[in-house]
Amino acid sequence: MDCKNAIFSQDMQEFFVQRAALLEELSMVYGFDCILPLDENYAVGYVNTGRVNSTTIGFPSVYSSVPRCYAIMEEAGDGTQQTSSAPVLEEMGIARLDRLPYLDLSGRGVIIGFIDTGIDYTHPVFKNPDGTSRITAIWDQNVEDGTPPQGFAYGVEYTGEQISQALESGDPQAVVPERDENGHGTFVAGVAAGNRDRESGFSGVAPFSDIMMVKLKPAKAYLKSLYKIPQDAVCFQETDMAWGLQYLMSKAAAMRRPLVVCMTLGTNSGGHSGRGILDSMINSAAERYHMCVVTSTGNESSYGLHYRSEGTGSEYEEVELRIGERERGFTMELWAESLNQYSVSVVSPTGELIRRIPDRRNHVQQMNFLFEDTRICVNYFMSEGRSGNQLILMRVMDPTAGIWRFQVYEDRSFGGGFDIWLPVHNFVTEDTYFLRADPYVTIADPGNASEPITVATYRVEDGSVALHSGRGFTRTGGRKPDVAAPGVSIYGPESGGGFGTKSGGGIASALTAGGCALFLEWAVVDKRQPQMRTQEIKRLLQGGAEREGLLTASRELGYGLVNFYGAFEELRIVAGS
């Protein structure tokens, strides 16, 4: 089967595969209809749903091979309607840097790349003074009959020249039929890199950088069904994000330009230790010279979607979960250290008990309740492939509303307890949550990855952490977040024209990504420190952050509130030493 058709077909499932052999050999071993190389370590295989093991009522036996689903990290604001970018730029030290003429930093020569919902290329904040476009390229993954980017199998690519031609025409959409229906991609690209506009009072952080946008296609229906995500939810899949990352890096390399990658999406799937496949690819990208990768902590701390136990201390620990009236289903993941062993039983709101399921290797069992329509499929992974940790994955289908009690038995423990996560709040109803939730260890992936700059969100007005901002540390104790940036009621461009305000972790990461472009301009474009990369920029941001009263890394704000003037001061201190 043609791989392009497989990518779009709703009848084809896809899996990450480690490239331990030739692609032809992998295809024969796993029975893939087609297989595409992703990078030097991974490939993506496609197989017809009808040939996927029908006896598997839960997940495939290799959890990490299944693409995870990601949501937009955007929140409702606090009701404040901003009319200028000035307060945020002043707060972040960008305005103070701009007043230093000998630096003259605005992002020239640097590309900022986004993997998001698309971009309204006709918005004035993305145009040069002569009317041409500052957008270097758009890869729209949704188009089935277009010309894909070189080296990629699907979608359509529009070059900067084509976009400029569209802007010069009387009907831009007839030349480049691109829209950002959601608006999130337009907003984050704008606050990071939009033009200065005195009339509107708006300015992006790096207003002379170039922009690349990957417009993600929606996650396939079978993945939404597997994860029990509502079919109408705005949801993207990990394989498309991985292709998007590869695209941005390949384009920047071909143009011999430094690149900032801004990751604004997030998921609660995975062990919250930064060990997923996309996490690994992001870590590799962040280690490259002339690159910087910025991620978000997400917005999950205050929705009651994380449960933490230090250990049962008795026969079992009872985890109470409230399920709302409108909830149709969801997944729930229990993670524990590798030598620990847990098992579960379940009590429904009507008092029906499904006794403990034994913890056998890669065991799958479905719980069926006599007095309600609810089904719970339980997958035991005694040693999840990438982390070696225990994972109990529960898929809850057609749940009865009310208080459910999950009894977690500690069959063997060497300490460390366990964590349980529900999906991000975008994928469950607002009245589904743990009764004794823990707001910590709520950083959404890929924010738990070790190498990128992970940004928390705070309010400019009082410097306090935003209500929903994901909180550290990682499940395995990694010191995340790294810094915090403004992310509540931020002023920026809206798809379709004009300006408005948005909030959320994705906005904070975009503002930070714009500032990181200034560092790459100073270091790489101006040839002052050509080997600059993510780790050096992270160190400078942490050293120059505002951290009143902070003596060590904070679980809420990392090493403090990002200040780019302070980061350049830190650069002078480091150079002097």
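Parameters at a glance
- Residues numbered from 1 in each chain as written.
- Predicted model: local features only at pLDDT ≥ 70, side-chain atom pairs only at ≥ 80, totals over all residues.
- Heavy atoms only, no water.
- Helix = DSSP H or I, 4+ residues; strand = E, 2+ residues; numbered from the N terminus.
- Rg over C-alpha atoms; globule rule 2.2 N^0.38 Å.
- Buried < 20%, exposed > 50% of the residue type's maximum accessible area, 1.4 Å probe, protein only.
- Contact = heavy atoms within 4.5 Å.
- Areas by Shrake-Rupley, 256 points an atom, 1.4 Å probe, with all protein chains shown as cover.
- Lys, Arg positive; Asp, Glu negative; His and termini not counted.
- Charge placed at Lys NZ, Arg CZ, Asp CG, Glu CD.
- Salt bridge = Lys/Arg side-chain N within 4 Å of Asp/Glu carboxyl O.
- Pairing = 2+ DSSP bridges.
- Phe/Tyr/Trp six-rings, centres within 6.5 Å; stacked < 30°, edge-to-face > 60°.
- Axes fitted to C-alpha atoms, helices over the stretch in contact; angles between N-to-C directions.
- Core = buried A, V, L, I, M, F, W, Y, C linked by side-chain atoms within 4.5 Å.
- Disulfide = S-S within 2.5 Å.
- Polar contact = N/O pair within 3.5 Å; in protein donor to acceptor, adjacent residues only side chain to side chain.
- Arc of directions from axis to C-beta.

Peer 1: Talk me through the overall build of the protein; I want residue IDs and the actual numbers.
Peer 2: For the protein, the count of helices and strands is 13 helices and 27 strands. Computed over the C-alpha atoms, the radius of gyration of the protein is 24 Å, within 12% of the 25 Å expected from 2.2 N^0.38 for a compact globule of 577 residues. Oriented by its inertia axes, the alpha-carbon framework of the protein measures out at about 70 × 60 × 45 Å. Taking all 577 residues of the protein together, 61% fall into the buried category. Sequence separation of at least 24 residues holds for 75% of the intrachain contacts in the protein that already meet a minimum separation of 6. Per element, the accessible surface of the protein, about 21800 Å² overall, is 47% carbon and sulfur. Distance between charge centres in the protein, computed from 50 positive and 72 negative side chains, equals 4 Å.

Peer 1: Any details on the pattern of salt bridges? Residues and values, ideally.
Peer 2: Evaluated as defined, the whole model comprises 24 salt bridges. Residues Asp-445 and Arg-68 are paired through a salt bridge, measuring 2.8 Å at the closest nitrogen-oxygen approach. Taken together, the residues Asp-445 in the loop between β23 (433-434) and β24 (453-458) and Arg-68 in the loop between β3 (42-48) and β4 (69-72) connect sequence positions 377 residues apart. Residue classification places Asp-445 among the buried residues on the basis of a relative accessible area of 1%.

Peer 1: Explain unusual backbone geometry to me, and be specific about the residues and the numbers.
Peer 2: A cis amide bond links Asp-445 with the next residue in sequence, Pro-446, at an omega value of 10 degrees. Its location among the elements puts Pro-446 in the loop between β23 and β24. Backbone torsion omega between Lys-480 and Pro-481 reads 0 degrees, so that peptide bond is classified as cis. One can find Pro-481 in the loop between β24 and β25 (483-486). The backbone of Arg-256 shows a phi angle near 55 degrees, a positive value even though the residue is not glycine. Topologically, Arg-256 is positioned in the loop between α9 (238-255) and β10 (259-262). Relative accessible area serves as the criterion here: at 76%, Arg-256 is assigned to the exposed category. Although it is not a glycine, Ser-489 sits at a positive phi angle of roughly 50 degrees. Inspection of the secondary structure assignment puts Ser-489 in the loop between β25 and β26 (490-493).

Peer 1: How would you sum up the sheet that holds β23? Please name residues and give values.
Peer 2: Sheet architecture is open: 5 strands sit in the order β17-β16-β21-β14-β23, paired in antiparallel fashion. The sheet is open, and its two borders are formed by β17 (353-354) and β23, each paired with just one other strand. The sheet contact formed by strand β16 (residues 341-347) and strand β21 (residues 402-412) spans 7 bridges and is antiparallel. Residue pairing for β21: Ser-343 is matched across the bridge by Tyr-409.

Peer 1: Mind laying out the packing of aromatic side chains, listing which residues take part and the relevant values?
Peer 2: For the structure on display, the rule yields 19 aromatic pairs. Here the aromatic rings of Trp-139 and Phe-152 are separated by 5.1 Å at their centres, their planes lie at 50 degrees, and the arrangement is tilted. Residue Trp-139 is found in strand β6 (residues 135-140), and its partner Phe-152 is found in the loop between β6 and β7 (156-159); the two are separated by 13 residues along the sequence. Relative accessible area serves as the criterion here: at 0%, Trp-139 is assigned to the buried category. Ring centres 5.3 Å apart and planes at 65 degrees place the aromatic pair Trp-139 and Tyr-154 in the edge-to-face group. A residue pair is termed long-range when its members are at least 10 positions apart, and Trp-139 in strand β6 and Tyr-154 in the loop between β6 and β7 qualify at 15 residues.

Peer 1: Before we move on, could you go through helix α10 (residues 277-286) and cite the residues and values that matter?
Peer 2: Here α10 lies mainly inside the structure; 8 of its 10 residues are buried. Here the buried face of α10 lies against β1 (12-18), β3, β4, α9, β12 (291-296) and α12 (534-543).

Peer 1: Just give me the short version of the sheet that holds strand β2 (residues 34-37), but keep the residues and values in it.
Peer 2: A sheet is described by the order of its strands in space; here 3 strands give the open sequence β1-β3-β2, paired in antiparallel fashion. The strands lining the two open edges of the sheet, one partner per strand, are β1 and β2. Across the sheet, the mean angle from the axis of one strand to that of its neighbour is 25 degrees, orientation sign disregarded. Here 4 bridges tie β2 to β3, and the two strands are oriented antiparallel to one another. Residue Leu-36 lies in a different strand from β3, and its bridge partner there is Val-44. With respect to the sheet, α9 is in contact with β1, β2 and β3, its orientation differing from that of β1 by roughly 55 degrees.

Peer 1: Any chance you could break down the nonpolar core for me, citing the residues and the numbers?
Peer 2: Nonpolar side chains in soluble globular proteins tend to be buried together. With 67 residues, the main nonpolar core has Phe-114, Val-260, Ile-537 and Leu-541 as its most contacted residues. The dominant element in this core, judged by the number of residues it contributes, is helix α11 (residues 505-525), at 13 residues. In this structure Leu-541 touches Ile-453, Val-483, Thr-512, Cys-516, Phe-519, Val-562, Phe-564 and Ala-567, once residues within four positions along its chain are discounted. Ile-7, Phe-16, Tyr-247 and Ala-285 belong to the second largest nonpolar core, which has 44 residues in total.

Peer 1: Talk me through the state of the cysteines; I want residue IDs and the actual numbers.
Peer 2: Under the criterion given, the structure shown has 0 disulfides. Here Cys-292 stays unpaired: no disulfide links it, and the sulfur of Cys-516, its closest cysteine neighbor, is 3.8 Å away. Among the residues examined, Cys-292 registers a relative accessible area of 0% and is labelled buried. For the unlinked cysteine Cys-377, the closest cysteine sulfur is that of Cys-69, found at 17 Å. Judged by its relative accessible area of 0%, Cys-377 is buried.

Peer 1: Outline the environment of Gln-407, supporting the account with residue identities and numerical values.
Peer 2: Along the polypeptide, Gln-407 turns up in strand β21. Note: C-alpha distance between Gln-407 and Ala-174 (233 residues apart in sequence) is 59 Å. Contacts of Gln-407, omitting those with residues within four sequence positions, involve Tyr-316, Glu-317, Glu-318, Ser-343, Val-344, Ser-345, Val-347 and Leu-353. Of the polar contacts made by the side chain of Gln-407, one reaches the side chain of Glu-318; its length is 3.2 Å. Polar contacts involving the side chain of Gln-407 include one to the side chain of Ser-345, which spans 2.6 Å.

Peer 1: For helix α5 (residues 160-168), give the residues involved together with the corresponding values.
Peer 2: Gly-160, Ile-163, Ser-164, Ala-166 and Leu-167 are the residues of α5 that are buried. Looking straight down α5, one finds that the buried residues subtend no more than 155 degrees of arc, so they occupy a single side. Pointing more than 90 degrees away from the buried face of α5 are the exposed residues Glu-161 and Glu-168. The inward-facing, buried residues of α5 contact β6, β7 and α6 (172-175).

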